[in-house]
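# What the coordinates show
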Amino acid sequence: MKKRVLASILCAAMVMTACGGQASGDSAGNSGNAGGQNTEQAAGSGDSSSAAGGQKLVLSTFGLSEDISAEEVYAPFEEEFNCEIVTETGGANDRYTKLAADSQSTIDVIELSQAMTAKGIAEGLFEDIDLSKLENAADMITAAKTMAEEGQGVAYTINSIGIMYNPDVVDFEITSFDDLWDPRLEGMVSIPEITTTFGPAMVYMASDHAGVDIKSDNGEAAFQALSELKPNLVKTYTKSSDLINMFTSGEVAAAVVGNFGVPTIQAANPNLIYVSPETTYANFNIISITKNCKNKDLAYAYLNYRLSEELQTKTGKALNEAPTNSKVTFTEEEAKNMTYGKVAEGAKALDYSFVNPQLNSWIDQWNRIINN
């Protein structure tokens, strides 16, 4: 693999949540950073050819497990396509802001959260993806395929929410999100804050509990349902790691949590039960081609590669990235705490082209109803 030229710039990064194997709990737009540094690995000039004469692809990504990504993801692609992948890493918000502010950006491909991808699509920063150029798109799980066909981006990994509860305190079996409204859970429940990765999913969840299509009333029924849930709520949380102390101290007995946070929480509280309801809510990381992309053929090849069964099998095992390719198979142990199989097929994708314009209003209503 060709040696990358790296120029590192350290800056403050938001603590955040990412899909698969990452530190948990951040703002909704910042899914994917390891909660540490924002490192720009400079690409030099905007020329699509590398110094060694091959092609160059500039990738903006989360920077999780960079050594593993270099070996398992980038190196095989570089070898097959005689190219160099140059990476810029950091939190989604930081990288998105930089891309949006630079009309001469050299970034070709960018990996972002759903929320930030929807914002970029609305602001015209990304190419419309021609799915006919992505052979592996045909194998995507239903929710990811629907998103792609609706122009919401190409998802390469997925996570979702479930319910964790303490069976020593809760005297009935929890099986669905509707159970959170059970009066037997009064003063026992915690849910993610509205501004976190899965905060908007709480609004979707409440709307479904009310039996109302959220797009029909912009969440009005959802917030009525959330007001009915309030007696059961102890508090909201911003990092799923906060739930460790909340469960340990007995402050909460049940919580909605992203599946990526389950291993850490259960390690501290082994008796806790995690339930993935038959219908759950998904969050995806999305890969997009920028309007400034210098080599669109190579960019399409990378997107197709990122969706391949072979690569997603490797990244699932090496990076704990749950696959969006339906042909990937894992053992029960390998898939533990992943959004995989029946869980993935039953997961609802949030439409952030709808959510983003509503979010300020939702935050205001949330603060008045939940946080007052």
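This text gives an overview of the structure that appears in the document. (Residues numbered from 1 in each chain as written. Predicted model: local features only at pLDDT ≥ 70, side-chain atom pairs only at ≥ 80, totals over all residues. Heavy atoms only, no water.)

## A word on the pattern of salt bridges
- Under the criterion given, the structure shown has 13 salt bridges.
- The shortest N-O distance in the salt bridge between aspartate 139 and lysine 327 comes to 3.8 Å. Taken together, the residues aspartate 139 in the loop between helix H3 (114-122) and helix H4 (142-149) and lysine 327 in the loop between helix H11 (309-319) and helix H12 (342-345) connect sequence positions 188 residues apart.
- Of the residues examined, lysine 327 reaches a relative accessible area of 46% and is grouped as partly exposed.
- Aspartate 182 is the partner of arginine 184 in a salt bridge, and the nearest nitrogen-oxygen pair spans 2.9 Å.
- By relative accessible area, arginine 184 is classed as partly exposed at 46%. (Salt bridge = Lys/Arg side-chain N within 4 Å of Asp/Glu carboxyl O. Helix = DSSP H or I, 4+ residues; strand = E, 2+ residues; numbered from the N terminus. Buried < 20%, exposed > 50% of the residue type's maximum accessible area, 1.4 Å probe, protein only.)

## Some details on the pairing of strand E3 (residues 109-113)
- Buried residues dominate E3, accounting for five of its five residues.
- Bridge count for strand E1 (residues 55-61) against E3 is two bridges, and the pairing is parallel. For leucine 59, the partnering residue across the bridge sits in E3 and is valine 109.
- Across five bridges, E3 lies against strand E9 (residues 280-289) in antiparallel orientation. When the sheet's bridge partners are listed, glutamate 111 is paired in E9 with isoleucine 287. (Pairing = 2+ DSSP bridges.)

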